[in-house]
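# What the coordinates show
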Amino acid sequence: MSNVEVGRAPDRDGKIKRHGPEAFEGMRKAGQLAAEALDMLAKHVEPDVTTEALDDLVLEFALDHGAYPAPLNYRGFPKAICTSVNHVVCHGIPGPKPLREGDILNIDVTLIVDGWHGDTSRMYAVGQISRRAERLVGVTFEALRRGIAAVKPGLTTGHIGAAIQSYAESERCSVVRDFCGHGLGQVFHDRPNILHYGEEGEGVMLEPGMLFTIEPMINLGRPHVKVLPDGWTAVTRDRELSAQFEHTVGVTETGCEVFTHSPNDLDYPLVRQN
């Protein structure tokens, strides 16, 4: 779940936490359970299913596994997951409207396991989707992959944003500026903020032990968004399609560890093979 204000993560003590092996083990457990929840949903995302029904499935899954969905009642958010359909950029609230053939859907899950937060999101295709929608999903997944590849001690958060922005824009897509990745661990949103655009060398120096999400939101049209009157749902101003993928990572001595990879190789659950 993205930070709702770019540059405004909590600044409790002015320092970015560096975590040790115990924290990494806790994040592995939380991240893997969140990824398993997304895997579980794959067979349920189909035409005529409501996003409210998907929310119920995740809530039941979390409680059955001794976990709790972090978004539920977080700053007043009413549901266990975020479900963002088509031109919804992020923070879509699950509801009674059924999915339709051709929709693309982002599902964002954050589960708290033994006090640690596993935060991840993934795109789903509802039946057969258009070529342009499929291209957007592919670009977004590759943008996330390139952002993760830029996580190395001695580089900066700006290297992550630059890798994402340069690739997305080379594919004639745009990067949303209004939301960003964030630090996490035993709190949901913390420092550092991870912008998905920028210049190499800008931002915070990456050091072993940092924990954060990378979660680029990529639009087919312009990057501009607006938030609907519910105070949560962000949509593209031009109503063009938007897509997002998210992983939680920890900086290691040589690169990073991704805590939220799908255990069933479903990180990129896309459709058409021809």
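One can find the structure itself at the top, above this paragraph.
Each chain carries its own residue numbering, running from 1 in the written order of its sequence. Local features in a predicted model are, by the rule used here, given only for residues with pLDDT of at least 70; side-chain atom pairs are given and counted only at 80 or more, and totals for whole chains, interfaces and linings are based on all residues. Side-chain calculation: all heavy atoms of the structure are included, whereas hydrogens and water are not.

## Here's the deal with the sheet that holds strand 12 (residues 234-236)
Counted only if it meets this: Any two strands with at least two DSSP-identified bridges between them are counted as paired. What counts as a helix is a DSSP run of H or I of at least four residues, what counts as a strand is a run of E of at least two, and both are numbered from the N terminus. Only the stretch in contact is used when fitting a helix axis, every axis being a line fitted to C-alpha atoms; angles between N-to-C directions are given from 0 to 180 degrees.
The strand order 3-12-11 describes an open sheet built from 3 strands, whose pairing is antiparallel. Strands at the two margins of the open sheet, each flanked by one partner only, are strand 3 (88-90) and strand 11 (225-227). In this sheet, neighbouring strand axes are inclined to one another by 40° on average, regardless of whether the strands run parallel or antiparallel.

## A word on the sheet that holds strand 13 (residues 242-244)
As a reminder, the rule being used: Working rule for contacts: check all heavy atoms of both residues, and any pair within 4.5 Å makes them a contact.
The strand order across the open sheet built from 3 strands is 6-10-13, with neighbouring strands paired in antiparallel fashion. Each of the sheet's edge strands pairs with one partner strand only, and the pair in question is strand 6 (174-175) and strand 13. Two elements, strand 10 (residues 217-219) and strand 13, share 3 bridges in a ladder whose sense is antiparallel. Among the inter-strand pairings, asparagine 219 is bridged to a residue of strand 13, identified as serine 242. Its contacts with the sheet put helix 3 (residues 131-149) on strand 10 and strand 13, and the angle it makes with strand 13 is roughly 35°.

## Observations concerning helix 2 (residues 51-64)
Each turn of an α-helix holds 3.6 residues, which means side chains three or four residues apart point in the same direction. Our working rule: Every helix has an expected span of 1.5 Å times one less than the residues it contains. Each residue gets one of three labels from its accessible area relative to the maximum for its type: buried under 20%, exposed over 50%, partly exposed in between, using a 1.4 Å probe on protein chains only. Throughout, the arc means that of the directions going from the helix axis to the C-beta atoms.
Relative to the 20 Å expected for 14 residues at 1.5 Å per residue, helix 2 spans 20 Å between its end C-alpha atoms, a close match to the ideal helical length. Along helix 2, the residues that are buried comprise Thr51, Leu54, Asp55, Val58, Phe61 and Ala62. The arc that holds every buried residue of helix 2, seen down its axis, measures 125°, which confines them to one face. Summarising the contacts, the buried residues of helix 2 are in contact with helix 1 (21-41), strand 1 (68-69), strand 2 (82-85) and strand 4 (104-113). Phi for glycine 66, located one or two positions after helix 2, is positive at around 70°.

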